[in-house]
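Structural overview
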Amino acid sequence: MFIYSYRAVTKENRVVKGTVRALTRVRARRIAEKSGMTVLFVVKEPIRLLQANVGSLFARRFSRTRRIVFFRNFATMLAVGMPVTRAMRVLSGQTPPSSGRRAIDEMIRAVENGRPLSRAFSAFPRYFPEDVCEIVAVGEATGELVETLERIAENMSRDQEIRQKVAGAMAYPAVIIVVMMAVMIILSIVVLPKIAELFMELEVPLPLPTRVLLAAGGLAGHRPWELGIGVAATAGGLAYFLRRPIGRRAADAAFLRTPVFGTLVKEFNLVRFFRATGSLVAGGASLVRSVGIAKKTVRSPSYRAAIEAIEPLLAHGAMLSETLRPFPRLFPDQARHMIAVGEETGRFDDTFRHLTEYYERTIRHKVGMLTAMIEPILMVIVGIIVGGLALTIFMPLYQASYAF
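Residues numbered from 1 in each chain as written. Predicted model: local features only at pLDDT ≥ 70, side-chain atom pairs only at ≥ 80, totals over all residues. Heavy atoms only, no water.

Some remarks on the overall build of the protein
Counting its regular elements, the protein contains 17 helices and 3 strands. In the protein, which comprises 404 residues, the proportion classed as buried is 40%. The long-range share in the protein, meaning contacts at least 24 apart out of those at least 6 apart in sequence, stands at 61%. For the protein, the accessible surface area stands at approximately 22300 Å², while carbon and sulfur atoms represent 62% of it. (Helix = DSSP H or I, 4+ residues; strand = E, 2+ residues; numbered from the N terminus. Buried < 20%, exposed > 50% of the residue type's maximum accessible area, 1.4 Å probe, protein only. Contact = heavy atoms within 4.5 Å. Areas by Shrake-Rupley, 256 points an atom, 1.4 Å probe, with all protein chains shown as cover.)

Listed below in structure tokens is the structure:
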């Protein structure tokens with residue numbers, strides 16, 4: 001698959017440029033025309049996109065941590081006056097072959113062929129998304145590439161920190177739940193049937209909880225293939241539904257309404273949106289362009305739909321704070337008021353930076369509280385489950401003692 005650059009005229013008679021991935025130039029033109037634009041020309045880039053021995057290796061190994069180190073070291077070498085291509089060769093030499101060195105070499109050749117650094121990054125959109133490429137392009141145009149790369153590394157580092165905190169808060173309850181389910185399955189399939197045989201020989205009637213658990217264990221023990229196929233089919237159907245747009249929207253809307261985790265998801269999307277928008281605005285991009293690119297950094301379909309709805313209004317001169325008013329569930333009033341102040345003072349970059357820092361602090365505080373609350377809550381849940389399992393075993397013993 002190759003990468004093609006194009007220029008086109010939109011329905012509003014604006015000339016825009018962009019890139020698409022396709023096997024042929026004809027296919028690239030058709031992809032660009034799907035959005036209703038009139039394509040003027042299409043040119044193939046010199047970089048072969050996602051080669052089997054380069055792109056796939058890069059995709060597997062170029063982790064978020066390596067990207068942060070890449071941008072920090074890149075900015076440091078450029079700050080001391082090293083040329084771009086020489087700095088990238090140094091970075092290539094510092095990168096293990098299994099961690100994307102050949103991909104960096106591909107980008108070096110693209111820069112040496114006269115392509116901008118941002119265009120070389122755009123050949124790997126999975127790890128250099130459009131907002132990063134746009135920020136680099138603005139830095140190249142304004143002559144502030146070093147500051148731009150430092151800003152990208154800092155944003156990635158803060159984003160990684162929040163991800164790790166949220167993942168750490170989720171990991172502990174996930175492990176406990178998996179262990180509890182494993183214990184329940186072992187008890188219902190292995191232990192409880194042997195105890196039930198003894199009670200049946202003694203002709204002791206089994207209580208309802210014991211019969212339910214035995215029925216579940218019997219189904220898993222006597223029909224494992226049918227049960228496995230049923231579970232796999234259900235999981236596959238659910239996964240297929242969640243991959244569809246309607247499924248993603250439904251799951252996202254339901255998750256955003258959950259009491260604690262839904263609030264964390266909202267604030268995480270706000271951090272990503274405000275950080276990307278602030279970085280682009282600080283780099284010199286227009287607000288409309290910044291919002292359009294920052295939209296691609298959020299993961300929530302609900303937020304993407306809301307931002308897509310406000311883009312035409314911003315393009316016609318509407319105030320950002322006013323366009324966000326119909327979405328109070330996604331964009332709190334406090335954020336809108338701060339944006340309104342930024343519009344009045346013209347300090348959008350400071351406004352978005354303060355909003356990002358505020359929601360980052362809020363996420364850290366809530367994750368800390370959640371981590372502290374999870375342990376006692378899980379202890380109560382484990383106690384209830386263990387108590388229920390104990391009752392399924394000891395209730396028949398209690399009835400047997402009265403029978404004799």
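Once you've had a look at it, read on.
Things to note about helix H3 (residues 64–79)
Taking 1.5 Å per residue, 16 residues should reach 22 Å; H3 reaches 23 Å between its end C-alpha atoms and fits that length. Taken together, the buried positions of H3 are occupied by Arg67, Ile68, Phe70, Phe71, Phe74, Ala75, Met77 and Leu78. In the segment just after H3, Gly81 is the residue with positive phi, at about 95°. (Expected span 1.5 Å × (residues − 1).)

Some points on the packing of aromatic side chains
We describe a pair of aromatic rings using the distance from one ring centre to the other and the angle between the two ring planes. As enumerated under the stated definition, the model contains 14 aromatic pairs in all. With 6.2 Å between their ring centres and 70° between their planes, Phe70 and Phe121 make a pair best called edge-to-face. Taken as a pair, Phe70 in helix H3 and Phe121 in helix H6 (residues 117–121) lie far apart in primary sequence, 51 residues in all. Both rings, one in Phe71 and one in Phe121, keep their centres 5.9 Å apart while their planes meet at 75°; by these two values the pair is edge-to-face. You can see Phe71 sitting in helix H3 and its partner Phe121 sitting in helix H6, a full 50 residues away along the chain. One exposure class covers both Phe71 and Phe121, and it is buried. An aromatic cluster of at least three residues, connected via ring pairs, comprises Phe273, Phe274, Tyr303, Phe331, Phe348, Phe352, Tyr358 and Tyr359. (Phe/Tyr/Trp six-rings, centres within 6.5 Å; stacked < 30°, edge-to-face > 60°.)

Concerning the pattern of salt bridges
One pass over the full model with this rule turns up 15 salt bridges. Here Arg325 ties to Glu322 by a salt bridge, and the two come within 3.1 Å at their closest N and O atoms. Residue Arg325 is classed as partly exposed on the basis of its relative accessible area of 44%. A relative accessible area of 43% places Glu322 in the partly exposed class. With a shortest N-O distance of 2.3 Å, Arg347 and Asp350 are connected by a salt bridge. The exposure class assigned to Asp350 is buried, which follows from its relative accessible area of 19%. The network of salt bridges with shared partners includes Arg158, Asp159, Arg272, Arg275 and Glu360. (Salt bridge = Lys/Arg side-chain N within 4 Å of Asp/Glu carboxyl O.)

Remarks on the nonpolar core
Residues Phe71, Phe74, Phe121 and Phe128 are the most contacted members of the largest nonpolar core, which totals 37 residues. Secondary structure elements with two or more residues in this core: H3, helix H4 (84–94), helix H5 (101–112), H6, helix H7 (130–142) and helix H8 (145–201). Ranked by the residues each element gives to this core, the list is headed by H3, at 7 residues. Every residue in contact with Phe71, bar those within four places of it in the chain, is listed here: Phe121, Phe128, Val132, Leu149, Ile152, Ala153 and Met156. By size, the runner-up hydrophobic cluster in this structure holds 35 residues, among which are Val281, Ala306, Leu314 and Leu320. (Core = buried A, V, L, I, M, F, W, Y, C linked by side-chain atoms within 4.5 Å.)

Section: a positive patch on the surface
Positive charge collects at one region of the surface, where Arg64, Arg244, Arg248, Arg249, Arg299 and Arg304 lie side by side. By secondary structure assignment, the location of Arg304 is in helix H14 (residues 301–315). (Patch = residues over 30% accessible without salt bridge, like charges linked within 9 Å, V, L, I, M, F, W, Y side chains within 5 Å. Lys, Arg positive; Asp, Glu negative; His and termini not counted. Charge placed at Lys NZ, Arg CZ, Asp CG, Glu CD.)

Here we look at a nonpolar patch on the surface
Taken together, the side chains of Ile185, Ile186, Ile189, Val190 and Val191 define a hydrophobic patch exposed on the protein surface, amounting to about 380 Å² of accessible area. Relative to the helices and strands, Val191 resides in helix H8.

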